[in-house]
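Coordinates in review
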Amino acid sequence: MAKDKAIIANIIRQHFGSGGFLIDAVLTVSHQKWEPLSAVLARLEAVWESLRSKPIWSKLTKELGIIGGVRRLEVTLGPNGWHPHYHVSFLCDLPVAQEIKGRTYTTAAADVFASVTDYWAAAGEKAGIKVSLHAQAAVALVAAADAAKAIAYNTKNMGYCDKPNSLTPMDFLRIIDQCGHSDAIHAAKRRFTEYAEAIHGKHTLSLFGAARSLKKAVAEPVAPSEEVEPLGRIAPQAWSAVIEAGLREEVAQVQTREELAATIMRAASFSGYAATPSGWLTLAPENKTVIRIKSTPQPSGGGT
């Protein structure tokens, strides 16, 4: 994941540096709660292949000036079942970027959304797969001034989800490792096994067009020390507040005890507390080096 982040960030910086423009889209297909992940993934892949076929892809790229892109596969499990989806950053060339910038943001966003949505729906129809209105595309225009935001969006990877009622494959592993309830552990193992089998051999990161040529050699990520100690321990009640406040990813990225304490305080504030309640967070001694945070297992099995 660290290597993928470096590759994506490098591509986006270079593209913006040459005056380009990004169109970020989330592409999905409809799914039912009872469907296996493999079936939903197969439909998603089929619609993507259809999108990339002629004449659909030729028309889309000409209309939006697409010269390449970065595609990431993410998989979550929510109330409506498995939800695999593509986060796609279309790299657009300078002439089209200038034309889009000439419109108001609202008008440009609406026009681009309509284009991506229409072509995604057409791809589904060509593949014989129904793409419902709420599952076609969510689109954002990203100007060079928002390069940092674009890099952050495109390097979230698969470890965390900002929806409190959705779980990622990494969440299943946390439940297996930290939860004290056997039924929850059994369910998490079953789900993670299904994910591992369905995802085997697939690329979670794909580059096409100009993105391939923009890819440069990047330094290998620094391996964490074998001596790993936690920054602190988060109690179950605090972890629930973290999830409700959408702070899971922030907690995972803190580097110091102070940052961890501040993030838990934000979660407490979101839950209506004036200060962090006693027992929510136990910080490690200051001489400990940290890159990992654990939550306390719950005997009842609620949360991770």
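The rules we used
Residues numbered from 1 in each chain as written. Predicted model: local features only at pLDDT ≥ 70, side-chain atom pairs only at ≥ 80, totals over all residues. Heavy atoms only, no water. Helix = DSSP H or I, 4+ residues; strand = E, 2+ residues; numbered from the N terminus. Expected span 1.5 Å × (residues − 1). Contact = heavy atoms within 4.5 Å. Buried < 20%, exposed > 50% of the residue type's maximum accessible area, 1.4 Å probe, protein only. Pairing = 2+ DSSP bridges. Axes fitted to C-alpha atoms, helices over the stretch in contact; angles between N-to-C directions. Left-handed = near helix turned anticlockwise from the far one by under 90°. Nonpolar A, V, L, I, M, F, W, Y, C, P; charged D, E, K, R; others polar. Patch = residues over 30% accessible without salt bridge, like charges linked within 9 Å, V, L, I, M, F, W, Y side chains within 5 Å. Areas by Shrake-Rupley, 256 points an atom, 1.4 Å probe, with all protein chains shown as cover. Salt bridge = Lys/Arg side-chain N within 4 Å of Asp/Glu carboxyl O. Arc of directions from axis to C-beta.

1. Description of the environment of Arg 233
Of note, Arg 233 is situated in strand S6 (residues 229-234). With 51 residues separating them in the primary sequence, Arg 233 and Ala 284 have C-alpha atoms 7.7 Å apart.

2. Quick look at helix H8 (residues 182-199)
With 18 residues, H8 extends 26 Å from end C-alpha to end C-alpha; this agrees with the ideal 26 Å at 1.5 Å per step. Turning to H8, the residues buried within the fold contact helix H2 (37-51), strand S2 (66-78), strand S3 (81-92) and helix H7 (169-178).

3. Comments concerning the pairing of strand S1 (residues 21-27)
Most of S1 is tucked away, with six of its seven residues classed as buried. One ladder, built from seven bridges, connects S1 with S3; its direction is antiparallel. When the sheet's bridge partners are listed, Ile 23 is paired in S3 with Phe 90.

4. Some details on the packing of H7 against H8
In the contact formed by H7 and H8, the axes pass within 9 Å of each other and the chain directions differ by 145°. Like other packed secondary-structure pairs, H7 and H8 cross with a definite hand, here left-handed. Of H8, the residues touching H7 (which contributes Pro 169, Phe 172, Leu 173, Ile 175 and Ile 176) are Ala 184, Ile 185, Ala 188, Lys 189, Arg 191, Phe 192 and Tyr 195. Residue composition of the contact of H7 with H8, by class: ten nonpolar, no polar and two charged.

5. What about a nonpolar patch on the surface?
A cluster of nonpolar side chains, namely Met 1, Met 170 and Leu 173, defines an oily patch on the protein surface of about 240 Å² accessible area. Taking the relative accessible area as the measure of exposure, Met 170 reaches 33% and is therefore partly exposed.

6. Observations regarding helix H12 (residues 257-270)
The end-to-end C-alpha distance of H12, which contains 14 residues, comes to 20 Å, matching closely the 20 Å that a straight helix rising 1.5 Å per residue would cover. For H12, the complete set of buried residues consists of Arg 257, Leu 260, Thr 263, Ile 264, Ala 267 and Ala 268. The buried residues of H12 occupy an angular sector of 145° when projected down its axis, which confines them to one face. Turned more than 90 degrees off the buried face of H12, the exposed positions are Glu 258 and Phe 270. Two residues or fewer after H12 comes Gly 272, characterised by a positive phi angle close to 95°.

7. So, the pairing of strand S5 (residues 205-209)
Counting buried positions along S5 yields four of five residues, so the element is predominantly enclosed. Relative to S5, S2 runs antiparallel, the two sharing five bridges. Looking across to S5, one finds that Arg 72 is bridged to Leu 205.

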